[in-house]
Amino acid sequence: MCQAGVALMRRGRYGRIINISSMAAITAAPRSVPYSAAKAGILGLTRALSMDVARWGITVNAIAPGLVGTSRSMLGRRDTDREEHLRASARKVAVGKVGMPVDIANAVAFFADERTSHVTAQTMQIDGGGNSSFPLSGPDDGDDAGEGR
């Protein structure tokens, strides 16, 4: 797709390529060697291609989503209630919620905007601040974040 698009974009001296990768390309994900390797390859493609096409006004960036509340988030867990799985997952995410497709769409809109012509070869991680294996505190815990931190 990039190869076909670049030919047209070079002629017009403008373009935006936005690749979708995954946080599995950046962090360890169990039982996902082929998937993680493929998604890491997208990040390499993004950086390398950006150098080859920048002079034509073409930017190349990537988005690396974390857990997004879609059917893919279940990863073959047929015996698990989807809503409960998402609630449990949200408790591990720093912002306290699972990403939604609109979160990814907003990142695409950012990279596609004409005003981002100086942004290229970047990977935007859309993961709500990341997952934690430790309990996260929040406003309902009586924790005034920042005290002593």
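Scroll up to find the structure.
Attention in this report is confined to the structure presented alongside it. None of the values given here were measured: they were computed from a predicted structure.

1. A short note on the overall build of the protein chain
Step number 1: Tallying secondary structure elements over the protein chain gives four helices and three strands in all.
Step number 2: Out of the 149 residues in the protein chain, the part that is buried amounts to 32%.
Step number 3: Taking all contacts inside the protein chain whose residues are at least 6 apart in sequence as the whole, residues at least 24 apart take part in 68%.
Step number 4: Of the accessible surface of the protein chain, which amounts to about 9800 Å², a share of 56% is contributed by carbon and sulfur atoms.

2. Notes on the pattern of salt bridges
Step number 1: Within the structure shown, the criterion is met by four salt bridges.
Step number 2: In this structure, the salt-bridge partner of Glu84 is Arg87, at a minimum N-O distance of 3.2 Å. Of this pair, Glu84 and Arg87 both sit in helix H3 (residues 82-90), three residues apart, which is roughly one turn of the helix.
Step number 3: Judged by its relative accessible area of 45%, Arg87 falls in the partly exposed class.

3. A few points about unusual backbone geometry
Step number 1: With a phi angle near 55 degrees, Arg31 is a residue other than glycine that sits in the positive phi range.
Step number 2: Position of Arg31 relative to the elements: it lies in the loop between strand S1 (15-20) and helix H2 (33-53).
Step number 3: Phi is positive for Ala121, close to 65 degrees, though the residue is something other than glycine.
Step number 4: Note that Ala121 resides in the loop between helix H4 (101-112) and strand S3 (123-126).
Step number 5: Residue classification places Ala121 among the buried positions, given a relative accessible area of 19%.

4. Quick notes on the environment of Ser137
Step number 1: For Ser137, the location among the structural elements is in the segment after S3.
Step number 2: Accessibility expressed as a relative area gives 49% for Ser137, which makes it partly exposed.
Step number 3: Taking the C-alpha atoms as reference points, Ser137 and Gly96, separated by 41 residues in sequence, lie 9.8 Å from one another.

5. Thoughts on the pairing of S1
Step number 1: Pairing analysis gives six bridges linking S1 to strand S2 (residues 58-65), with the strands arranged parallel. By the bridge assignment for S2, Ile18 is matched with Asn61.
Step number 2: Crossover connection from S1 via H2 to parallel S2: handedness right-handed.

6. Some points on H4
Because each turn of an α-helix spans 3.6 residues, side chains separated by three or four positions in sequence point in the same direction.
Step number 1: With twelve residues, H4 should reach 16 Å at 1.5 Å per residue; the first-to-last C-alpha distance of 17 Å fits that figure.
Step number 2: Listed in full, the buried residues belonging to H4 are Ile104, Ala107 and Phe111. Burial along H4 is one-sided: seen end-on, the buried residues are contained in an arc of 60 degrees.
Step number 3: The elements touched by buried residues of H4 are S1, S2 and S3.

Rules and cut-offs
- Residues numbered from 1 in each chain as written.
- Predicted model: local features only at pLDDT ≥ 70, side-chain atom pairs only at ≥ 80, totals over all residues.
- Heavy atoms only, no water.
- Helix = DSSP H or I, 4+ residues; strand = E, 2+ residues; numbered from the N terminus.
- Buried < 20%, exposed > 50% of the residue type's maximum accessible area, 1.4 Å probe, protein only.
- Contact = heavy atoms within 4.5 Å.
- Areas by Shrake-Rupley, 256 points an atom, 1.4 Å probe, with all protein chains shown as cover.
- Salt bridge = Lys/Arg side-chain N within 4 Å of Asp/Glu carboxyl O.
- Pairing = 2+ DSSP bridges.
- Right-handed = clockwise from strand over helix to strand, strands pointing away.
- Expected span 1.5 Å × (residues − 1).
- Arc of directions from axis to C-beta.

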